[in-house]
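Residue-level structure breakdown
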Amino acid sequence: MSAAPKDRAADAAPAVGWSRDGIAERVAQDIPSGSYVNLGIGIPELVARFVPGGRTLVYHTENGLLGMGPSPAAGQGDPELINAGKRRVSMMPGAAFFDQATSFAMIRGGHLDLSVLGAMQVAANGDLANWSTGADDAIPAVGGAMDLVAGVKRVFVMTTHVTKEGTPKLVERCTYPLTGRGVVTRIYSDLAVVDVTPRGFELLELAPGVSYEFVKERTGAPLLRDRMRQQGP
Amino acid sequence: MIDKRFASARDAVADVHDGATVMIGGFGEAGSPIELIHALIDQGAKDLVVVSNNTGTGLVGLAALLRAGRVRKVVCSFPKTAGSTVFPDLYRAGKVELELVPQGTLAERIRAGGAGIAAFYTPTAAGTPLGEGKETRAFNGREHVLEHGLRADFTLIKGRVADTHGNVMYHRTARNFAPMMATASSCTIVQAAEVVPAGELDAEAVVTPGIFVDRVVHVAEPALESALNEAGASYP
């Protein structure tokens, strides 16, 4: 998708670390050209705005479109050309429509290269919880989340490092109902990029101005740093 | 001569019985067969089991069917779309049962039901609350969950164009669940904005072959959920 103007109000600079746009920009750098990608509804959708020039990604939306393009202006577009968030979208040259069984064959059959999803909790063993708090009065709704994590080759999580209350989202074991077991490849938070490995959480990169100790204090499980990349200037 | 046309939506749903399982196409408003759903509300069948990805918004279409108290149980992947209040209220009041199914599993269960496949194994939902209580088996060292095919008594779907033999083509992302649902029920009813004589559709481009379709109703200008909701409509 082409770059859209940034929403400055929504991208107010955080006290520390990357903004939401900053996380999206960081994720976008790690997606190779030619990838078939499913971006989760909400924050992960921002990634499409920051794909580096010269790269072409093909976006899959699980309700039945490969080659999804940006949303049209409000009130424009076709009410039956929508994305998985039920928002009107457009289609790029080379797009294709298909039914749900075909769409989920792409997902469950391992044909998509990457899924970028939000998270409530990610555990050190790669377990993901992102569909329900399990609260008694909640209306349970799962959509395609469990299919995506079970079938897509790589699963990136994009999230704040802690909740609004300051509780770590990277934890030893998820306490919320699971979306899938051992499915997360890598986490991009406002503070750091963290790989999920057989050894647990491994820090790859710190957001500008953030220290290892600062991230470690806000992570609910051991955070290894022997693979950490040197920070840029 | 084969001619599957019915004169009206009312005629097409006249024999839906109490307790029937009804698959209803659509993902959000895209592909929702509103005129057929409204005809079903008028017809009065109750204790229905509805298989559909969502539960409707506002007070029209699927939400109106729920609000009319005709639905005993919903089989669904995402029952809380923005603007959806009818289902959440009924669910919290204990007035409707919910079987929550991952979207891909829902699609595949319907596909399996229509293809004569009783059940299949998938890794989706293994180790999660939605896999609990189900038979599991390891393939290549990975846990899979046994999921059963789904069948229905009636299917209601929306096409862009159909012919008198019941061949159907769809409009963009309105296709979603319709092609599988058409295969999985004893009686598949299609509403189409255009109905043409057999022979006029490009046979290479037909998405749902007529063998899966029992009844075709011409609905020239189908309503859209969002437009009805913006106008403050409620049904009946």
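Rules and cut-offs
- Residues numbered from 1 in each chain as written.
- Chains lettered and ligands numbered in written order.
- Predicted model: local features only at pLDDT ≥ 70, side-chain atom pairs only at ≥ 80, totals over all residues.
- Heavy atoms only, no water.
- Helix = DSSP H or I, 4+ residues; strand = E, 2+ residues; numbered from the N terminus.
- Rg over C-alpha atoms; globule rule 2.2 N^0.38 Å.
- Buried < 20%, exposed > 50% of the residue type's maximum accessible area, 1.4 Å probe, protein only.
- Contact = heavy atoms within 4.5 Å.
- Areas by Shrake-Rupley, 256 points an atom, 1.4 Å probe, with all protein chains shown as cover.
- Lys, Arg positive; Asp, Glu negative; His and termini not counted.
- Charge placed at Lys NZ, Arg CZ, Asp CG, Glu CD.
- pLDDT = per-residue confidence, 0-100.
- Buried area = accessible area lost by both parts, 1.4 Å probe.
- Salt bridge = Lys/Arg side-chain N within 4 Å of Asp/Glu carboxyl O.
- Phe/Tyr/Trp six-rings, centres within 6.5 Å; stacked < 30°, edge-to-face > 60°.
- Lys NZ or Arg CZ within 6 Å of the ring centre and 35° of its normal.

**Thoughts on the overall build of chain B**
In terms of helices and strands, chain B carries 7 helices and 12 strands. The C-alpha atoms of chain B give a radius of gyration of 18 Å, which matches the 18 Å a tight globule of 236 residues would have. Dimensions of chain B along its principal axes, counting C-alpha atoms only, are 55 × 40 × 30 Å. Considering chain B as a whole, with its 236 residues, one finds that 57% of them fall into the buried category. If you take every contact in chain B between residues at least 6 apart in sequence, the share linking residues at least 24 apart comes to 75%. Just so you have it, chain B exposes about 9,500 Å², and 49% of that area is on carbon and sulfur atoms. Each charge class in chain B can be summarised by its mean position, and for the 22 positive and 26 negative side chains these summaries are 4 Å apart.

**Some remarks on the environment of Leu206(A)**
Along the chain, Leu206(A) falls in strand S12 (residues 200–206). Residues Leu206(A) and Glu217(A) lie 11 residues apart in sequence; the distance between their C-alpha atoms is 14 Å.

**Some thoughts on unusual backbone geometry**
The omega torsion of the bond from Tyr235(B) to Pro236(B) falls at 0°, within 30 degrees of zero and hence cis. The residue Pro236(B) is located in the segment after helix H7 (225–230) in this model. For Lys86(A), which is not glycine, the phi dihedral falls at a positive 65°. Tracing the backbone shows Lys86(A) in the loop between strand S3 (65–69) and strand S4 (90–97). Positive phi, close to 80°, is recorded for Ala125(B), a residue that is not glycine. The class for Ala125(B) is buried, based on a relative accessible area of 2%.

**A short note on the confidence of the model for chain A**
Confidence along chain A averages 92 in pLDDT terms, with 92% of residues attaining 70 or more. For the stretch residues 1–11 of chain A, pLDDT sits under 50, and the model shows 19 contacts to residues farther than four places along the chain or on other chains.

**A closer look at the interface of chain B and chain A**
The interface of chain B with chain A comprises 49 residues on the first partner and 38 residues on the second. Across the interface of chain B and chain A, roughly 3,400 Å² is buried in total on both sides, 62% from carbon and sulfur atoms. Interface area lost by chain B to chain A is led by Phe27(B), Arg172(B) and Thr173(B), which between them contribute 20%. Linking chain B to chain A there are 3 salt bridges.

**A few points about the packing of aromatic side chains**
Residues and elements named next belong to chain A. On inspection of all chains with the given rule, the structure shows 3 aromatic pairs over all chains. On the numbers, 5.1 Å between centres and 55° between planes, the contact of Phe-156 with Tyr-188 is tilted. In this pair, Phe-156 sits in strand S8 (residues 154–159) while Tyr-188 sits in strand S10 (residues 186–189), placing the two residues 32 residues apart along the sequence. Overall, the relative accessible area of 0% leaves Phe-156 in the buried class. Positioned over the ring face of Phe-214 is Arg-218, at 3.5 Å from the centre of the ring.

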